[in-house]
Every structure is written in C-alpha cells, then in structure tokens.
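Residues per chain are reported as follows:
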Amino acid sequence: MKAENEQRTGLLYGFGAYGIWGLVPLFWPLLVPAGAVEILAHRMTWSLAVVGIGLLFVRRWSWMRELLRQPRKLALTALAASVISVNWGLYIWSVNNGHVVESSLGYFINPLVSIAMGVLVLGERLRRAQWVAVGISFVAVLVLAVGYGRPPWISLVLACSFATYGLIKKKLNMGGLESLAAETALLFLPALGYLLWLGAQGRSTFASEGLGHGLLLAATGLVTAVPLVLFGAAAIRVPLSTLGLLQYLAPVFQFGLGVLYFHEAMPPERWVGFSLVWAALALLTWDALRTARRSRVRLEAAPAAAPAPAREPA
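Residues numbered from 1 in each chain as written. Predicted model: local features only at pLDDT ≥ 70, side-chain atom pairs only at ≥ 80, totals over all residues. Heavy atoms only, no water.

Peer 1: Help me understand the side chain of D287, please; the structure alone is not making it clear to me.
Peer 2: With respect to the element layout, D287 can be found in helix 13 (residues 268-305). Within the structure, D287 has its side chain in polar contact with the side chain of R127 (distance 2.8 Å). Look past the residues within four positions of D287 in its chain and what remains in contact with it is R127, A129 and Q130. (Helix = DSSP H or I, 4+ residues; strand = E, 2+ residues; numbered from the N terminus. Polar contact = N/O pair within 3.5 Å; in protein donor to acceptor, adjacent residues only side chain to side chain. Contact = heavy atoms within 4.5 Å.)

Peer 1: Looking at this structure, how should I read the environment of A133?
Peer 2: Residue placement: A133 occurs in helix 6 (residues 128-148). As a C-alpha pair, A133 and T285 span 152 residues in sequence and 9.9 Å in three-dimensional space. Contacts of A133, omitting those with residues within four sequence positions, involve L112, A280, L283 and L284.

Peer 1: Could you clarify how one ought to interpret the pattern of salt bridges in this entry?
Peer 2: When their charged atoms lie close together, side chains carrying opposite charge are able to pair. Taken as a whole and assessed by the stated rule, the structure comprises three salt bridges. Residue D287 pairs with R127 through a salt bridge whose shortest N-O separation is 2.8 Å. Highlighted residues: D287 in helix 13 and R127 in the loop between helix 5 (100-120) and helix 6, separated in sequence by 160 residues. By relative accessible area, R127 is classed as partly exposed at 35%. Note that D287 and R290 form a salt bridge whose closest N and O atoms lie 3.1 Å from each other. A residue pair is termed a helical-turn pair when its members lie 3 or 4 positions apart in one helix, as D287 and R290 do in helix 13 at three residues. Taking relative accessible area as the criterion, R290 reaches 24% and is therefore assigned partly exposed. Several salt bridges converge on common partners, so that one network encompasses R127, D287 and R290. (Salt bridge = Lys/Arg side-chain N within 4 Å of Asp/Glu carboxyl O. Buried < 20%, exposed > 50% of the residue type's maximum accessible area, 1.4 Å probe, protein only.)

Peer 1: Help me understand a nonpolar patch on the surface, please; the structure alone is not making it clear to me.
Peer 2: A contiguous nonpolar patch, built from L23, L26, V252, F253 and Y261 and spanning about 450 Å² of accessible area, is present on the exposed surface. Residue contributions to the nonpolar patch peak at three residues, all from helix 12 (residues 249-261). With respect to the helices and strands, the residue L26 is situated in the loop between helix 1 (2-23) and helix 2 (36-58). By relative accessible area, L26 is classed as partly exposed at 34%. (Patch = residues over 30% accessible without salt bridge, like charges linked within 9 Å, V, L, I, M, F, W, Y side chains within 5 Å. Areas by Shrake-Rupley, 256 points an atom, 1.4 Å probe, with all protein chains shown as cover.)

Peer 1: Could you clarify how one ought to interpret the packing of aromatic side chains in this entry?
Peer 2: Each aromatic ring pair is characterised by the separation of its centres together with the angle its planes make. Enumeration according to the criterion identifies 15 aromatic pairs in this entry. Here F108 and W278 contribute two aromatic rings whose centre-to-centre distance is 5.9 Å and whose plane-to-plane angle is 75°, an arrangement assigned as edge-to-face. Placement of F108 in helix 5 and of W278 in helix 13 is noted, with a sequence separation of 170 residues between them. According to the relative accessible area criterion, W278 is partly exposed, its value standing at 29%. Judged by centre distance (5.7 Å) and plane angle (80°), the rings of F255 and W271 are edge-to-face. In this pair, F255 sits in helix 12 while W271 sits in helix 13, placing the two residues 16 residues apart along the sequence. A relative accessible area of 35% places W271 in the partly exposed class. One aromatic cluster is present, formed by F108, F255, W271, F274 and W278 through successive ring pairs. Against the face of W88 rests R43, its NZ or CZ located 4.3 Å from the ring centre. (Phe/Tyr/Trp six-rings, centres within 6.5 Å; stacked < 30°, edge-to-face > 60°. Lys NZ or Arg CZ within 6 Å of the ring centre and 35° of its normal.)

Peer 1: What is the right way to look at the packing of helix 2 against helix 4 (residues 71-96) in this model?
Peer 2: Relative orientation and spacing of two packed helices are given, respectively, by the angle between their axes and the distance between those axes. The geometry of helix 2 relative to helix 4 is characterised by a closest axis approach of 9 Å and an angle of 135° between their N-to-C directions. Comparing the axis directions of helix 2 and helix 4 gives the class oblique. The crossing of helix 2 and helix 4 is right-handed. For the pair helix 2 and helix 4, contact is made by A36, I39, L40, R43 and M44 and by S85, W88, G89, I92, W93 and N96, respectively. Residues of the contact of helix 2 with helix 4, tallied by class, amount to seven nonpolar, three polar and one charged. (Axes fitted to C-alpha atoms, helices over the stretch in contact; angles between N-to-C directions. Parallel < 35°, antiparallel > 145°, perpendicular 65-115°, else oblique. Left-handed = near helix turned anticlockwise from the far one by under 90°. Nonpolar A, V, L, I, M, F, W, Y, C, P; charged D, E, K, R; others polar.)

Peer 1: Even after reading the chapter, I still don't get the packing of helix 4 against helix 5, so can you show me in this structure?
Peer 2: The contact between helix 4 and helix 5 brings their axes to 8 Å, and the two run at 150°. Crossing hand, helix 4 versus helix 5: left-handed. Contacts from N87, Y91, S94 and V95 in helix 4 reach V100, S103 and Y107 in helix 5. Across the contact of helix 4 with helix 5, the residue classes tally to four nonpolar, three polar and no charged.

Peer 1: Honestly, unusual backbone geometry in this entry has me stumped. Any pointers?
Peer 2: Negative phi characterises most residues that are not glycine, and trans characterises most peptide bonds. Cis geometry marks the peptide bond from V32 to P33, where omega comes out at 20°. Looking at the element boundaries, P33 is found in the loop between helix 1 and helix 2. A positive phi angle, near 55°, is found at H263, a position not held by glycine. Tracing the backbone through its elements, the reader meets H263 in the loop between helix 12 and helix 13.

The following block contains the structure:
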C-alpha cells in the first residue's frame, strides 16, 4: 500500500514538472519588452538564488569540495552550463518570436537524437525497432524542411543541445539540485555582469518597466528550479519507463499552445512531418515497453530456473 501511495505521489510530481515545462510558453511573452538574452541572464542569476535556498533547506554542501577537487568534473560542469544556456536562450527567443510549434518539435525529437548520440558517441547498439524509429524521424525532418522552406534549425538545435546536456549529465552523475547549483554558480558572474552592463547602457528593463515586470523577471528562478525539484522527486518514486512516457507531456502541451493559443500556421506538409515524428515516438515507446516487459519476465523466471541447492548429508 505504501509503495502504491509513493508511486501515486511520484506521478503527481511528474505531471507537475512536465506540466510546468509544457505551459511555460505562456510565461516568456509576459517578460517582453525584455529580450531573450536579458531574460536568460535573469534566469541564470535568480536560479542560483532559488537553488541556494533549496540547498540551505536540505543542508547538502559536501559535494562542492569534491567538485572543486576534480578539474575534469568541473570542466564537464562548465560545458553542461554552456550547452544548457544555448538551449534556454534559443527556447526563450523562439517562443517570443512566434516559433512555439517548431520549438515543441525539438523536444519531440529529443529522445531520437539521444538514441543517435548513444550510437555515435557511446557505441551503443540499437534494436531493429529503434533503427526504424530513427529512420522515420530522419524522413520527418526532410519533410519539415520542405514545409518550412529551410531545415527546422530551431528544433534541431534545441534537440541536439538538450541531448548533449543529457549526455554530459550522465557522465557527471550528480544529483539534480547539486548539478543545477554548480551550473548556475558558473553562469552567475557572466550573467550578472551582462545585466550590470545593460543597466549602465540604460537598456535594462528590470527597473524601467515597473515593479511587476521586475518581479516577473525574478520569478524566472522559480520557473527554472521548481519543475526540476518536482522532476527529481518523481524520478525516485516512479519507474523509469513511466517517467519516459511522461516526458512527452511537455511538447504535447507546447504544440497545443502553439496551434490553439498562439495560432501558428500548420500547413499540410507540417502535419505530415509531425505525424511521422509521432509515429517514430510511438514505435520507440512500444519497443521500450516490450523490452522492459521481457526483462521483467526474464528476471522473474530466473529464480525458478536456478538449480535447487544440494542437501547436506544427514
């Protein structure tokens, strides 16, 4: 009963995390007239404040000393911070410039890009269904390139940057709160320096657009940290396969907002391209669930197949 309650709670945390990520396109336009780079700098700065409060609450500080003693790990953290900055900045820019649908495509194809990186970088071997899914997604990108009149570069950069970020995080093997703290700490001084320079140039919107605007910019820290905390709480309570299915909620919400709320154009060729991506994801999900089920059956059958221990003579 306790395990069921834990899973139910984990699902709620997961829905909360991916729900916030899916609805965040409604938030970024509220920060106009601030530009994407200014919003990004505020996001970096205020995220460190929020994460710092979180660390004070949980009292976890020993990891800092260990990180500083490992130059390679520190360099990987700096690389992760740089890659996620590109992802965050482009996503904010794309939402505020009428590309919500195209940005949602980036997070739809992200799992497929991650699989491709696993093959190219880690030398992983794919199952037949995974190869088919990657092939379908490649065709989908070609169809969308025809539909847009150009490659869907926003989607591709978002997907590749987030997949690269995930690959680096896999090598770092740090907790969610700790890794976000380290990344935002490394980004804090450049971000703060940029904000101070904007203020000196008279181009900062933080104080010039009123108290409400300033509070919204400060809230970027909460928008960044809260879903990550919820995600971390979900990850330890629900199976990885369930978490993998939940990840599609965010781009589904983003796509729905782009079409229904922001009224972005969806000509037939884009519907075809998106349909191909969804077909690839459906195949990928089916293959993952089938593989997980087979592994579970194999594990359950292993004790039964093991020879009984020999009885000692009386």
